[in-house]
Amino acid sequence: MNFPILHIPVVGDGMTIALNAVLHVYISHGLAIGLMTMLVIFQTLTWKGKGAFWADIARRLLGPLVVITTSVGAVTGVGIWILTGSLAPEGIGALIHLFFWPWFIEWFAFTAEVILLLCYYYQWDRLITRKPGTLAAIGWGYVGASFISAVLITGILGFMLTPQGWPWARSFTEAYFNPTFVPQCFLRVSGGMALGILLLMSWIAWRFKGTAEERGRALRVCGTALLLSLVVTAAATYVYFMRVPQTYLTHWKFSVATSYLSQMPDFLPAVNAVAALVLLLTALAAMARSRLACRLLCFPALIMSLCFVMEFERVREFIRGPYLMPGYMHASQITLVESEALAAQNAPLLPRLRWVNTSGNLSPATQAARTLFAANCGVCHAESGINGIDQRLAGRSADGINAMLGITQRLAPYMTPFVGSEQERAMLTEYLFQLSSNYSRRAQQAAREK
């Protein structure tokens, strides 16, 4: 590998990226697309003479929205690229070669978003009474830029997260306009709209100080928009998963449930159905202008929507199976070509790793085994902690661990194969056996102390 192998200890790479990504999606989609679009609609309604309270609602929420999106949203957005660029540099490097221009252009769209958002906010007081049409034009310009940004980034991330195979012809159009491009575009926009509308609806139900008639009108608009967004989101999600090969879809239950719950075929569909019902009832309650029902339902609906975002992101990451880019590169950042070449010759992996962590007073054998663990297992497992390999292998013999390393993909189709020579496999086996034995001893000691 040309880059150092870095992994997040205890929490693990996947959980770290997921926590950052879910927070960023909620802000960049829910606030920057969904909520902001609704605020521009509300301000436009005032401009069209439908009442001043629409703009009052928008003005109250615009300040917090600007602060959160330009601070937390921007930091988490940069954080995604820092994390993925640090933890999977080989994969990001391959994507940059393929998607340089849309990536480059997307930065301009993002910059345009920020400039228009700040103009909309800081020019509000000056334009809202004298030139409301100009203010609305700035707002709709922002909405257009945010949609363009969403479409541009969908092709890049959509390809990476679609198990459709690497485009060996290196054709840009073949990769960018992959089969899930269109449903993911609709899903990104409509899902963001639903998240933003739920936030807006919650504020109106709990904090709006206008008349009951004004509140009812605002809730009805939100409810109608939420129902439409939910229908489009559900349809886009269905089409997206219909275009994912069935062999990859078999992994989805393992991605969002424990091993025990994943054996209950009806559990997750039932939970998802209940969550969808709560969202639907929330939309209908708003359309019926029921403030009490909205108050009761909006917070459960917000939690359910957050769970849906987490579930979708988790499933989308997991269904790639053992690949970072299906057909080209394993999640361990070792290409299939290199993996098969090494296996055919029983060749060692260590000489191909240009960066080795020499910190700590470790023996050369332990240092080598630790490097092999980082290269082969570290992308999914930490040594200890969440999904720690020590607890996963606790109670197993060294021979058993060695056998498992030889058949990882047959044990679980989403696990990467071990890459290295037989001697390196024995070296890694010894290291893993030590980790699991230490875990078992700590667990037994903790049990005795209780």
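Before any of the text, the structure's been laid out above.
For the structure given in this document, a descriptive report is provided here.

What counts and what doesn't
Residues numbered from 1 in each chain as written. Predicted model: local features only at pLDDT ≥ 70, side-chain atom pairs only at ≥ 80, totals over all residues. Heavy atoms only, no water. Phe/Tyr/Trp six-rings, centres within 6.5 Å; stacked < 30°, edge-to-face > 60°. Buried < 20%, exposed > 50% of the residue type's maximum accessible area, 1.4 Å probe, protein only. 1 Å grid on protein atoms, 1.4 Å probe; cavity = no way out; pocket = protein on both sides within 12 Å on 5 of 7 lines; lining within 4 Å. Points joined across faces, edges and corners; volume = space filled by probe spheres on them. Nonpolar A, V, L, I, M, F, W, Y, C, P; charged D, E, K, R; others polar. Salt bridge = Lys/Arg side-chain N within 4 Å of Asp/Glu carboxyl O. Helix = DSSP H or I, 4+ residues; strand = E, 2+ residues; numbered from the N terminus. Polar contact = N/O pair within 3.5 Å; in protein donor to acceptor, adjacent residues only side chain to side chain. Axes fitted to C-alpha atoms, helices over the stretch in contact; angles between N-to-C directions. Parallel < 35°, antiparallel > 145°, perpendicular 65-115°, else oblique. Left-handed = near helix turned anticlockwise from the far one by under 90°. Contact = heavy atoms within 4.5 Å. Patch = residues over 30% accessible without salt bridge, like charges linked within 9 Å, V, L, I, M, F, W, Y side chains within 5 Å. Areas by Shrake-Rupley, 256 points an atom, 1.4 Å probe, with all protein chains shown as cover. Lys, Arg positive; Asp, Glu negative; His and termini not counted. Charge placed at Lys NZ, Arg CZ, Asp CG, Glu CD. Core = buried A, V, L, I, M, F, W, Y, C linked by side-chain atoms within 4.5 Å.

A short note on the packing of aromatic side chains
In this structure the tally under the stated criterion is 15 aromatic pairs. Aromatic side chains Phe177 and Phe181 sit 5.2 Å apart centroid to centroid with 85° between the ring planes, which places their arrangement in the edge-to-face category. Classification of Phe177 by relative accessible area gives partly exposed; the value is 48%. The class of Phe181 is buried, set by a relative accessible area of 10%. Where Tyr240 meets Phe241, the ring centres are 4.9 Å apart and the plane angle is 70°; that geometry is what we call edge-to-face. Neither Tyr240 nor Phe241 differs from the other in exposure class; each is buried. In textbook terms, an aromatic cluster arises when at least three aromatic residues are bridged by ring pairs, as seen for Phe100, Trp101, Phe104 and Phe108.

Side note on the layout of surface pockets
If you add up the space inside the second largest pocket, you get close to 540 Å³. Forming the boundary of the second largest pocket are 22 residues, of which Ile5, His7, Asn357, Arg370 and Ala374 lie nearest the centre. Classifying every residue of the lining of the second largest pocket by side-chain character gives 12 nonpolar, 8 polar and 2 charged.

Here we look at the pattern of salt bridges
Enumeration over the complete set of coordinates arrives at 6 salt bridges. Residues Glu383 and Arg370 are paired through a salt bridge, measuring 3.2 Å at the closest nitrogen-oxygen approach. In this pair, Glu383 sits in the loop between helix H14 (364–376) and helix H15 (389–392) while Arg370 sits in helix H14, placing the two residues 13 residues apart along the sequence. Among the salt bridges present, the one from Asp390 reaches Arg442, with a minimum N-O distance of 3.2 Å. Here Arg442 lies in helix H18 (residues 422–449) and Asp390 lies in helix H15, a separation of 52 residues in the sequence. By relative accessible area, Asp390 is classed as buried at 2%. The exposure class of Arg442 is partly exposed, given its relative accessible area of 43%.

Points about the side chain of Thr335
On the secondary structure map, Thr335 appears in the loop between strand E2 (329–330) and helix H13 (336–345). In this structure the side chain of Thr335 is engaged in a polar contact, spanning 3.2 Å, whose partner is the backbone nitrogen of Glu338.

Thoughts on the packing of helix H8 (residues 212–242) against helix H11 (residues 267–287)
Across the interface, H8 lies against H11 with an axial gap of 7 Å and an inter-helix angle of 150°. One element, H8, and the other, H11, form an angle in the roughly antiparallel class. Read as a crossing pair, H8 and H11 show a hand that is left-handed. The segment H8 lies against H11, with Leu219, Arg220, Gly223, Thr224, Leu226, Leu227 and Leu230 engaging Leu279, Leu280, Thr282, Ala283, Ala286 and Met287.

A closer look at a positive patch on the surface
A cluster of basic side chains, namely Arg60, Arg207, Lys209 and Arg291, defines a positive patch on the protein surface. When you line up the elements, Arg291 lands in helix H12 (residues 291–318).

A word on the nonpolar core
Counting residues in hydrophobic clusters, the biggest one holds 55 residues, and the most contacted among them are Phe42, Ile57, Leu200 and Ile204. Residues within four places of Leu200 in sequence aside, it is in contact with Leu35, Met38, Leu39, Phe42, Ile57, Leu61 and Cys222.

What is shown is where atoms sit, not what they do.
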